[in-house]
Amino acid sequence: ETRDFPVSVAESALSYVTITLTNMISEIQKNGALALTAGASLRMPDFKQHDTIEEISEDFCRLFDELIARVAEKRAGKQEDLIRSINEIIHARYADPNLSLNLIADELRLSTFYISRVYRQQTLNTIVDVINDVRMDNAKTLLLEQARPIAEIAELTGYTNSSYFHRMFKKYNGVTPAEFRKANQA
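Everything quoted here is computed from the prediction, not taken from an experiment.

How each quantity is defined
- Residues numbered from 1 in each chain as written.
- Predicted model: local features only at pLDDT ≥ 70, side-chain atom pairs only at ≥ 80, totals over all residues.
- Heavy atoms only, no water.
- Helix = DSSP H or I, 4+ residues; strand = E, 2+ residues; numbered from the N terminus.
- Buried < 20%, exposed > 50% of the residue type's maximum accessible area, 1.4 Å probe, protein only.
- Lys, Arg positive; Asp, Glu negative; His and termini not counted.
- Salt bridge = Lys/Arg side-chain N within 4 Å of Asp/Glu carboxyl O.
- Polar contact = N/O pair within 3.5 Å; in protein donor to acceptor, adjacent residues only side chain to side chain.
- Contact = heavy atoms within 4.5 Å.
- Phe/Tyr/Trp six-rings, centres within 6.5 Å; stacked < 30°, edge-to-face > 60°.
- Core = buried A, V, L, I, M, F, W, Y, C linked by side-chain atoms within 4.5 Å.

## A closer look at the side chain of Arg181
Here Arg181 shows up in helix α8 (residues 177-183). Here Arg181 is buried and forms no salt bridge, its nearest opposite-charge partner Glu152 lying at an N-O distance of 8.8 Å. From its side chain, Arg181 meets the backbone oxygen of Leu143 in a polar contact 3.0 Å long. With sequence-adjacent residues up to four places away left out, Arg181 is seen in contact with Leu142, Leu143, Gln146, Ala147, Arg148, Ile150 and Ile153.

Next up, the structure:
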């Protein structure tokens, strides 16, 4: 396809592509979507070292593959930070009866759809299930370590309705809170 054109035209086109890509990478870095550490810069293809368009094309494909890998790595890091933030909120506020997907999304200033999707993809659990798991784990600890009434333990673990707490506890543990406490007393 390039045989009918002088070499200078191909060189001009490649120079234009190189300048455009250099500017694009610079903008990506400025916007924080891609962080390059010292010595880890992307190598722009040098078309003067190649004899064929195929070699130049391979070099550009390598550059694009590297860009894709680095952006994916950055995205994964952001998602890990999001998961960590969600888990921190759940563990710090499990006793709050208002703790919910909506509350977490509002606190993180993200949509419920987004955090729900990312959390599910990364952990294979829903946020609501994790809230209930944390509440149940803490309820079991309180049942074993303290002689408080079950209704009070329900409140301390974020449940405002004792009968709902009983149903959830039995669903998660196969026994009622009283049966659990009795079976595990020393």
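Moving on, there is more to tell.
## Considerations on the pattern of salt bridges
Under the criterion given, the structure shown has four salt bridges. Its salt-bridge partner being Glu107, residue Arg93 comes within 2.4 Å of it at the nearest N-O pair. Of this pair, Arg93 sits in helix α2 (residues 53-93) while Glu107 is found in helix α3 (residues 101-108), placing the two residues 14 residues apart along the sequence. Taking relative accessible area as the criterion, Arg93 reaches 27% and is therefore assigned partly exposed. A salt bridge links Glu152 to Arg148, with the nearest nitrogen and oxygen atoms 2.5 Å apart.

## Digging into the packing of aromatic side chains
Applying the stated criterion across every chain, the model contains four aromatic pairs. Between the aromatic rings of Tyr159 and Phe165, the centroid separation amounts to 5.4 Å while the plane-to-plane angle is 50°, which identifies the pairing as tilted. By the burial criterion, Tyr159 is buried, and Phe165 matches it. Ring geometry for Phe169 against Phe180: centres 5.5 Å apart, planes inclined by 70°, an arrangement best described as edge-to-face. Highlighted residues: Phe169 in helix α7 (residues 162-173) and Phe180 in helix α8, separated in sequence by 11 residues. Of the two residues, Phe169 and Phe180, both sit in the buried class. Linked through ring pairs, Tyr159, Tyr164, Phe165, Phe169 and Phe180 together constitute an aromatic cluster.

## Some words on the environment of Arg117
Structurally, Arg117 is set in helix α4 (residues 112-123). By relative accessible area, which is 35% here, Arg117 ends up partly exposed. Between the C-alpha atom of Arg117 and that of Ile127, which follows or precedes it by 10 residues, the distance is 9.7 Å.

## Description of the nonpolar core
Membership of the largest hydrophobic core comes to 17 residues, with the highest contact counts inside it found for Ile86, Ile90, Ile104, Ile115 and Ile127. Residue assignment for this core shows that the elements contributing at least two residues are α2, α3, α4 and α5 (127-145). With five residues, the top contributor of residues to this core is α2. Once residues lying within four places of it in the same chain are set aside, the contact partners of Ile90 are Leu99, Ile104, Ile127, Val130, Ile131 and Val134. Grouped together as the second largest cluster of nonpolar side chains are 12 residues, Met136, Leu142, Met168 and Phe180 included.

These values are about where atoms sit, not about what they do.
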